Amino acid sequence: MNLDFLQALEQLEEEKGVKVDEIIPVIEKALISAYKKDFGGEKNVEIIINRQTGEIEAYQLLEVVENVENPNLQISLEEALKINSSAKIGDIVKKRLNIKKFGRIAAQTAKQVLIQKIREIEKEKQFEKYSELAGKITTAEVVRVTKDWADIRIGKLETRLPKKEWIPGEEIQPASLIKVYVKDVKKDKKGPKILVTRINEEFIKGLLELEVPEIESKVVEVVKIVREPGIRTKVAVKSNNPKVDPVGACIGEEGIRIAAILKELNGEKIDIIKWSDDPKELIASALQPANVIEVEILDSENKASRVIVSPNQLSLAIGKGGQNARLAAKLTGWKIDIKPIMNV
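Moving on: the pairing of strand 11 (residues 232-239). Summarising burial for strand 11: six of the eight residues are buried, a large majority. In this structure, strand 10 (residues 220-228) lies alongside strand 11, joined through eight bridges in antiparallel fashion. Following the sheet pairing, Glu-221 is matched in strand 11 by Lys-238. Where strand 10 hands over to strand 11, the hairpin turn is made up of three residues, of which Gly-230 adopts a positive phi near 85°. Direction of pairing for strand 11 relative to strand 12 (residues 269-274): parallel, over a ladder of six bridges. When the bridges of strand 12 are listed, Arg-232 appears paired with Lys-269.

Below is the structure:
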């Protein structure tokens, strides 16, 4: 090693962010292990890379003793004084070692350390880059599909979308582009590990943010989302600007915005309703697409209500398997008893 070695390290610092002051101690430690493995045995050695010349300096660390029992670890006072004129019993002196034969091994060791360090830095940079996606929607390319998962590519990284994270009933095709919600980005030995899904409420919110500028700019606020993936989602929105209709903003002119969202949902229905602090208004809206005749508050403290609908709206209000009424109750936080008008 020589001055060229230091210049190479400085170039790496500029190109890869491998800081010279951080990597040299790592290389020195690796050189100690390599030297002891091939030459030093049980010797206690110290290896220093000269910061000015790039040359390697190696020393054997020896304890000054009266009677030498182990020459690999000890030195007599007489010999120690030849190295350091102020040496005394109990001191540690450094004896310079001839390491000409160590040159080739040292170069290989330094190269291995640098390669490993560069890989670690690149992984860290990748992690920093992809961790910014956590909590957001992103587009992924489908690489391959099996019966249990889809391998997808986000940027340059591949990850896995398990079947349980698919929207129920959807068919994902190889080479297609899909939207996914990034739940988390974790560090892994092989690099960043991206955890994704298409079934949580945040996936819906992310799609809305992509399609509705008023949500991204906070003019329209998503108050609450409830979802049964593959079946139905209800979204309650409100406007922070009295001139902006929050539901209309989400639907878009001629339904263009909501159409783009529905395209990603594989037939899953989505109801956008206007949030209200009046429980009667909120409950009536939450039961969309059914038309409600009347909402009665039975018990404010326990949040119990009765909803009156016409007979031809009853099945629509309840929904297949009770899903519309169930989601309305989750959205509003109220118990909802639905009755046809003739039974009241």
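Anyway, onward from the coordinates.
Leu-9, Ile-23, Ile-27, Leu-31 and Phe-102 are the most contacted members of the largest nonpolar core, which totals 27 residues. Breaking this core down by element, the ones donating at least two residues are helix 1 (3-16), helix 2 (20-40), strand 1 (45-49), strand 2 (56-65) and helix 4 (103-131). Membership of the second largest hydrophobic core comes to 21 residues, among which are Leu-207, Val-237, Ile-270 and Ile-272.

Residues Glu-10, Glu-13, Glu-14, Glu-15, Asp-21 and Glu-22 make up a contiguous surface patch of negative charge. Of all the secondary-structure elements, those providing two or more residues to the negative patch are helix 1 and helix 2. The element contributing the most residues to the negative patch is helix 1, with four residues. Structurally, Glu-14 can be placed in helix 1. The exposed category is assigned to Glu-14, whose relative accessible area is 71%.

Quick look at the layout of surface pockets now. The space that makes up the largest pocket amounts to roughly 270 Å³. Taken together, 17 residues line the largest pocket, and the ones lying closest to its centre are Leu-177, Ile-178, Lys-179, Lys-263 and Glu-264.

As enumerated under the stated definition, the model contains 20 salt bridges in all. Notably, a salt bridge pairs Asp-91 with Lys-88, separated by 3.7 Å at the nearest N-O pair. By relative accessible area, Asp-91 is classed as partly exposed at 23%. Across the pair Lys-187 and Glu-124 runs a salt bridge, and its minimum N-O distance is 3.2 Å. Separated by 63 residues along the polypeptide, Lys-187 in the loop between strand 8 (177-186) and strand 9 (193-197) and Glu-124 in helix 4 bring together distant segments of the chain. Residue classification places Glu-124 among the partly exposed positions, given a relative accessible area of 31%. Overlapping salt bridges, with partners in common, bring together Glu-141, Arg-144, Asp-151, Arg-153, Glu-158 and Arg-160 in one network.

To continue, consider the packing of helix 10 (residues 311-318) against helix 11 (residues 323-332). For the pair helix 10 and helix 11, the least separation of the axes is 5 Å and the interaxial angle reads 65°. Accordingly, the angle class assigned to the pair helix 10 and helix 11 is roughly perpendicular. Every residue of helix 11 that contacts helix 10 at Leu-316, Ala-317 and Ile-318 is listed here: Gln-323, Asn-324 and Ala-325. Among the residues making up the contact of helix 10 with helix 11, the classes are represented as four nonpolar, two polar and no charged.

Below, the discussion takes up the sheet that holds strand 8. Pairing within the open sheet is antiparallel, and its five strands lie in the order 7-6-5-8-9. If you trace the sheet from one side to the other, it starts and ends with strand 7 (157-162) and strand 9, each paired once. This sheet shows a mean twist of 55° between the axes of neighbouring strands, independent of strand direction. Here strand 5 (residues 137-145) runs beside strand 6 (residues 149-154); their pairing, made up of four bridges, is antiparallel. Residue pairing in the sheet places Val-142 in a bridge with Ile-152 of strand 6. The sheet contacts of helix 4 involve strand 6, strand 7, strand 8 and strand 9, and relative to strand 8 the element is tilted by about 120°. Taken strand by strand, helix 5 (residues 201-211) contacts strand 5, strand 8 and strand 9, and its axis lies near 120° from that of strand 8.

Take the pairing of strand 13 (residues 294-299) next. With five bridges joining them, strand 13 and strand 14 (residues 304-309) adopt antiparallel strand pairing. Bridge pairing links Asp-299 to Ala-304 in strand 14.

Reading the values: the criteria
Residues numbered from 1 in each chain as written. Predicted model: local features only at pLDDT ≥ 70, side-chain atom pairs only at ≥ 80, totals over all residues. Heavy atoms only, no water. Buried < 20%, exposed > 50% of the residue type's maximum accessible area, 1.4 Å probe, protein only. Helix = DSSP H or I, 4+ residues; strand = E, 2+ residues; numbered from the N terminus. Pairing = 2+ DSSP bridges. Core = buried A, V, L, I, M, F, W, Y, C linked by side-chain atoms within 4.5 Å. Patch = residues over 30% accessible without salt bridge, like charges linked within 9 Å, V, L, I, M, F, W, Y side chains within 5 Å. Areas by Shrake-Rupley, 256 points an atom, 1.4 Å probe, with all protein chains shown as cover. Salt bridge = Lys/Arg side-chain N within 4 Å of Asp/Glu carboxyl O. Lys, Arg positive; Asp, Glu negative; His and termini not counted. Charge placed at Lys NZ, Arg CZ, Asp CG, Glu CD. 1 Å grid on protein atoms, 1.4 Å probe; cavity = no way out; pocket = protein on both sides within 12 Å on 5 of 7 lines; lining within 4 Å. Points joined across faces, edges and corners; volume = space filled by probe spheres on them. Axes fitted to C-alpha atoms, helices over the stretch in contact; angles between N-to-C directions. Parallel < 35°, antiparallel > 145°, perpendicular 65-115°, else oblique. Contact = heavy atoms within 4.5 Å. Nonpolar A, V, L, I, M, F, W, Y, C, P; charged D, E, K, R; others polar.

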